[in-house]
Number of protein chains: 2
Amino acid sequence: MTGACAHIIAVGSELLTASRIDTNSLAVTERLNAIGMAIAAKLVVGDDRKQIAAAMHDSLDHADLVVVTGGLGPTDDDVTREAAAAVFGVPLQEDATILEGIRRRFASRGLEMPEINRRQAMVPEGAEVLSNPRGTAPGLWIEEGLRRLLLLPGPPQEMQPMLDAWAARHGERLGGGMHIVRRVLKVANVSESHVEEMAQPVYARWRESGVPLSVTILAAPGQIELHLTATAASAKEADAALDPAVDDLVEALHGHVFTTRGETLEAVVGRLLLESGSTIALAESCTGGLLASRLTDIPGSSAYVLGGVVAYSNALKIDLLGVPAALIDEHGAVSEPVAVAMADGVKARSRASLGVGITGIAGPGGGSSAKPVGTVAIALSTPEGAKVRMQIFRGDRHQIKFGATQAALDDIRRLFVRAAAQ
Amino acid sequence: MTGACAHIIAVGSELLTASRIDTNSLAVTERLNAIGMAIAAKLVVGDDRKQIAAAMHDSLDHADLVVVTGGLGPTDDDVTREAAAAVFGVPLQEDATILEGIRRRFASRGLEMPEINRRQAMVPEGAEVLSNPRGTAPGLWIEEGLRRLLLLPGPPQEMQPMLDAWAARHGERLGGGMHIVRRVLKVANVSESHVEEMAQPVYARWRESGVPLSVTILAAPGQIELHLTATAASAKEADAALDPAVDDLVEALHGHVFTTRGETLEAVVGRLLLESGSTIALAESCTGGLLASRLTDIPGSSAYVLGGVVAYSNALKIDLLGVPAALIDEHGAVSEPVAVAMADGVKARSRASLGVGITGIAGPGGGSSAKPVGTVAIALSTPEGAKVRMQIFRGDRHQIKFGATQAALDDIRRLFVRAAAQ
């Protein structure tokens, strides 16, 4: 990353408890990325003047910009203003215009300004005041040579418009005219190390690129994500560097990449079903309806999802899906033949063009040495006949359920990729 | 807080983008709070060895304990091990036991260990190895005088059990004898402001308590949570202060609290079904299988969930659930009579003691002025007859789906509460 970089400090003791998390930093990151700034570090500190000042001091030494959210309220524990004044070695002065604005704000609701709100009119000498149309706390912008500190209020609805206004005024100059563009590739049902092994040879080629490219490999539940980032003088230039890099990766990961645009697997499968005019029905045992639920998370999915059967009990497998009882007796409920019969059964009863059958052991109980917990049979019933396979998934009950739906969705996706290649 | 304090460092460049946020720190905070440690600061740094080392160095100077999550994977950008070794000035050594464990893990899936996984067996000299039953990366615990560093893997399902095991071994000694105990009350299908209104009068009574009590009200998806915390010299003393406070709140929120132990609503309903010897079957339209999936997330749910039908199309409502076509023509698919017919139908076909029928408009399309997006009919078919009601849920497609399953689960819960009260 050759562009400028920023640190974000979230202030608030409540953000250090087990029940709250700072999310302002996501909005700040998005805004700063857009003007070409990367985030080098994020911090959360409590409502303690010394600790806030220490964090500001340290970050100002390391980053081109430090953004602080929170601690600008009227109460005793709002001490971000004091910390900033101390770090820059300047006094706090009462700003008559801010004071008047706060008074008017209270007056417009028929109230007198409580004396404690006077603190919100205190401004470190030399700071630029950023007006707050949605609350009493103004923002503050302090720039002294290469030390740049932006103080924003904590409530997101007050923080966001102020950040936008600040970026419009100072963004281009500080971002160095750079743009950061990101692409997200995703792969299902392959391990992180295998993705890394396949991708590794591609990286060397990128070193020749004039535009710096960086890649992060992330293991998300049931999938691996590759986040590619290019930093360039224009979004167009970044795209021009990313396009061939994405192509390289897609080829290196032959067939495993299901999206280069950050889509979910259910969105990709939904699009393929819609475009091909197919309809689908699901027969689920161990996944308990999760596959149907994921497919129906996609707006417009009623055009291709006819529905399904959650056949948790053997009786429902027999009654609602027409699975022969003898087949269950002979092979067991978790078996390839039963998965096929479930897929065929739901396809026939719903008159869908595609049927899916999933039966397995989600655990924690029910496993055996022949069929350990995580064993799942996945069948697809297509107009050309049925395909079926067994796979063992790892993790707890929820991970096994999710992993099995990922594998089934990826199998469906591959049907269409293969059809398109023929 | 008079006890010891900790810093938490989350490692991962992806956690510095606009699309990811560190949530591991919440679980770490909860665990450390329980052993009497407060969190003084949280940091997020990218996959950069120097920056990780600098953050560790700085935090070790200021905190009694530093917990680092992430960066223990097998790839080139996983450099937490190297950073820790550099900070303590010790070499990394290959640990034969870890290496063998990783090899076995791959072998159990019929795979050979990729060579890059060898990095996960590297251990800073003098570190204690924390075994990882759910993944390849072991955790590491380094204690040198007052400098204490705990390295945990990033995936929560690997991090959590390792953290628990560490706390069991070292927690009491490091926590300084204070205990922070928390209770989580949850309420479904009531707004945050109504919860606040009902709870407010209770707080005043607590001021007399010798043990400091604090409460945070949090709006989570589809539910409101009340987090009560007591800090005391012993867990027993904290419990003694919390018990009457919890009772006060449960009474003030008459009947709305579904758990005082932080359980999920599906876990509570599962327990009620199991204890009463009931069985359940689901007929879902707009929720698309989400209710079945949530109920089957609970281990042992096969004892009471028989299964269900996802009747997205009207044809499946008619064919698989026996909903009369005339009923759909007359009232529309989203109507109380159709919801009742679905609940009755799935109950009859599965021979369950309880049937649930849900039909509604998840959006974004399909709404009308009479039945706007979010309109959902929820029916319960019981041995004593059917109950049905309509409710309008807010939010996007996913929020409407989730909200409707929350409301249905809470309706089921109330059946049993009422039965128990009679």
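Residues numbered from 1 in each chain as written. Chains lettered and ligands numbered in written order. Predicted model: local features only at pLDDT ≥ 70, side-chain atom pairs only at ≥ 80, totals over all residues. Heavy atoms only, no water.

Caption draft 1: Region of the structure containing the overall build of chain A. A count of helical and extended segments in chain A gives 13 helices and 17 strands. Relative to the 2.2 N^0.38 estimate, which gives 22 Å for 422 residues, the radius of gyration of chain A is 28 Å and therefore markedly larger than a compact globule would have. Over its C-alpha atoms, taken along the principal directions, chain A stretches across nearly 85 × 55 × 40 Å. With 422 residues in all, chain A has 56% of them scored as buried. Contacts in chain A between residues at least 24 apart in sequence constitute 68% of all its contacts with a sequence separation of at least 6. Summed over its atoms, the accessible surface of chain A is roughly 16,900 Å², and 53% of this surface lies on carbon and sulfur atoms. For chain A, the separation between the mean place of its 39 positive charges and that of its 49 negative charges on side chains is 4 Å. (Helix = DSSP H or I, 4+ residues; strand = E, 2+ residues; numbered from the N terminus. Rg over C-alpha atoms; globule rule 2.2 N^0.38 Å. Buried < 20%, exposed > 50% of the residue type's maximum accessible area, 1.4 Å probe, protein only. Contact = heavy atoms within 4.5 Å. Areas by Shrake-Rupley, 256 points an atom, 1.4 Å probe, with all protein chains shown as cover. Lys, Arg positive; Asp, Glu negative; His and termini not counted. Charge placed at Lys NZ, Arg CZ, Asp CG, Glu CD.)

Caption draft 2: Just the nonpolar core, in detail. Residues I9, M56 and L149 of chain A together with I9, M56 and L149 of chain B are the most contacted members of the largest nonpolar core, which totals 65 residues. For I9 of chain A, the residues in contact, after removing those within four places along its chain, are L43, V45, A55, M56, S59, V66, V67, V68 and T69 of chain A. (Core = buried A, V, L, I, M, F, W, Y, C linked by side-chain atoms within 4.5 Å.)

Caption draft 3: The pattern of salt bridges, seen in detail. Residues and elements named next belong to chain B. If you walk through the whole model with that rule in mind, you get 38 salt bridges over all chains. R31 is the salt-bridge partner of D164, the closest N and O atoms lying 2.9 Å from each other. In this pair, D164 is assigned in helix α5 (residues 156-175) and R31 in helix α1 (residues 24-34), connecting sequence segments 133 residues apart. Two residues, E143 and R173, come together in a salt bridge whose shortest N-O distance is 2.8 Å. (Salt bridge = Lys/Arg side-chain N within 4 Å of Asp/Glu carboxyl O.)

Caption draft 4: Looking closely at the interface of chain A and chain B. Across the boundary between the two partners, chain A contributes 68 residues, which contact 75 residues of chain B. When the two sides are added together, the surface that chain A and chain B hide from each other amounts to roughly 5,600 Å², 56% of it contributed by carbon and sulfur. Contact with chain B buries surface across chain A, with A18, K42 and R394 of chain A losing the most and accounting together for 11% of the total. Our count for the chain A to chain B interface comes out at five salt bridges. Among the salt bridges present, the one from D319 of chain A reaches R351 of chain B, with a minimum N-O distance of 3.1 Å. (Buried area = accessible area lost by both parts, 1.4 Å probe.)

Caption draft 5: Up close: the confidence of the model for chain A. Mean pLDDT over chain A: 92, with 98% of residues reaching 70 or higher. In the model output, the complex is listed with pTM 0.80 alongside ipTM 0.79. (pLDDT = per-residue confidence, 0-100.)

Caption draft 6: Structural context of the sheet that holds strand β6 (residues 128-130) of chain A. Taken in spatial order, the 12 strands line up as β6(A)-β7(A)-β8(A)-β3(A)-β1(A)-β2(A)-β2(B)-β1(B)-β3(B)-β8(B)-β7(B)-β6(B) in an open sheet, and their pairing is mixed. The open sheet has two edge strands, β6 of chain A together with β6 (128-130) of chain B, and neither has a second partner. With direction set aside, neighbouring strand axes in the sheet form an average angle of 15°. As defined by bridge partners, strand β1 (residues 5-11) of chain A adjoins strand β2 (residues 38-45) of chain A across seven bridges and the pair is classed as parallel. Each residue of the ladder has a partner; that of I8 of chain A, found in β2 of chain A, is K42 of chain A. Taken strand by strand, helix α1 (residues 24-34) of chain A contacts β1, β2 and β3 (65-69) of chain A, and its axis lies near 150° from that of β3 of chain A. Along the sheet, α5 of chain B makes contact with β3 (65-69), β6, β7 (139-144) and β8 (147-152) of chain B, crossing β7 of chain B at roughly 20°. (Pairing = 2+ DSSP bridges. Axes fitted to C-alpha atoms, helices over the stretch in contact; angles between N-to-C directions.)

Caption draft 7: Summary view of helix α12 (residues 336-350) of chain A. Residue and element names in this part refer to chain A. Between its first and last C-alpha atoms α12 spans 21 Å; for 15 residues at 1.5 Å apiece the expected length is 21 Å, and the two agree. Looking only at α12, the buried set comprises V338, A339, V340, A341, M342, A343, G345, V346 and S350. Backbone geometry just after α12 places R351 at a positive phi near 60°. (Expected span 1.5 Å × (residues − 1).)

Caption draft 8: Region of the structure containing the packing of aromatic side chains. Residues and elements named next belong to chain A. Counted by the stated rule, this structure contains four aromatic pairs over all chains. Pairing W141 with W166 gives two aromatic rings, centres 5.3 Å apart and planes at 70°, and the pair type is edge-to-face. Separated by 25 residues along the polypeptide, W141 in strand β7 (residues 139-144) and W166 in helix α5 (residues 156-175) bring together distant segments of the chain. When its relative accessible area of 3% is taken as the criterion, W141 is described as buried. The class of W166 is buried, set by a relative accessible area of 0%. The ring centre of F88 lies 4.8 Å from the NZ or CZ of R147, which sits over that ring. (Phe/Tyr/Trp six-rings, centres within 6.5 Å; stacked < 30°, edge-to-face > 60°. Lys NZ or Arg CZ within 6 Å of the ring centre and 35° of its normal.)

Caption draft 9: Fine view of the side chain of D248 of chain A. Residue and element names in this part refer to chain A. Considering the arrangement of structural elements, one finds D248 in helix α7 (residues 235-252). For D248, a relative accessible area of 19% gives the class buried. For D248, the contacting residues outside a window of four places in its chain are V202, R205 and W206.

Caption draft 10: Expanded view of the environment of R418 of chain B. With respect to the secondary-structure elements, R418 of chain B resides in helix α13 (residues 397-421). Sequence spacing of R418 of chain B and G255 of chain B is 163 residues, and the spatial spacing of their C-alpha atoms is 9.9 Å.

Caption draft 11: Highlighting empty space enclosed by the protein. In the structure shown here, the tally under the stated rule is one cavity of 30 Å³ or more. One number sums up the size of the largest cavity: a volume of about 160 Å³. Lining of the largest cavity is provided by 16 residues; of these, D22, K42 and V44 of chain A together with D22 and V44 of chain B occupy positions nearest its centre. Looking at the lining of the largest cavity, the elements that each hand over two or more residues are β1 and β2 of chain A together with β1 (5-11) and β2 (38-45) of chain B. Tallied by class, residues from the lining of the largest cavity come to 10 nonpolar, two polar and four charged. (1 Å grid on protein atoms, 1.4 Å probe; cavity = no way out; pocket = protein on both sides within 12 Å on 5 of 7 lines; lining within 4 Å. Points joined across faces, edges and corners; volume = space filled by probe spheres on them. Nonpolar A, V, L, I, M, F, W, Y, C, P; charged D, E, K, R; others polar.)

Caption draft 12: Summary view of the sheet that holds strand β10 (residues 213-220) of chain A. Residues and elements named next belong to chain A. Strand order across the open sheet formed by four strands is β10-β11-β9-β12, with antiparallel pairing between neighbours. Of all strands in the sheet, those bounded by a partner on one side alone are β10 and β12 (257-259). Taken pair by pair, the neighbouring strands of this sheet meet at an average axis angle of 30°, ignoring direction. Bridge count between β10 and strand β11 (residues 223-232): eight bridges; the pairing is antiparallel. In the sheet register, T216 faces β11, and the bridge partner there is H227.

Caption draft 13: Seen up close, helix α10 (residues 314-321) of chain B. All names here are of chain B. Those residues of α10 lying buried are L316, K317, L320 and L321. Viewed end-on, α10 has its buried residues packed into an arc of 105°, placing them on one side of the element. Looking one or two residues past α10, G322 carries a phi angle of roughly 70°, positive in sign. (Arc of directions from axis to C-beta.)

Caption draft 14: Representation of the pairing of strand β17 (residues 385-392) of chain B. Residues and elements named next belong to chain B. The sheet contact formed by strand β16 (residues 375-382) and β17 spans eight bridges and is antiparallel. Among the inter-strand pairings, V376 is bridged to a residue of β17, identified as Q391. Here β16 folds back onto β17, and the loop between the two strands holds two residues.

Caption draft 15: Region of interest: the side chain of Q406 of chain B. All names here are of chain B. Tracing the backbone through its elements, the reader meets Q406 in helix α13. A distance of 3.1 Å separates a polar side-chain atom of Q406 from the backbone oxygen of G222. Residues contacting Q406, with those up to four places away along its chain left out, are A188, G222, Q223, L265 and R294. (Polar contact = N/O pair within 3.5 Å; in protein donor to acceptor, adjacent residues only side chain to side chain.)

Caption draft 16: Examining the pairing of β1 of chain A more closely. Residues and elements named next belong to chain A. Most of β1 is tucked away, with seven of its seven residues classed as buried. On β1, burial covers both faces: C5, H7, I9 and V11 on one face and A6, I8 and A10 on the other are all buried. One crossover worth recording links β1 to the parallel β2 by way of α1, and it is right-handed. Bridge analysis of β1 against β3 gives five bridges, and the strand direction is parallel. Looking across to β3, one finds that A10 is bridged to T69. (Right-handed = clockwise from strand over helix to strand, strands pointing away.)

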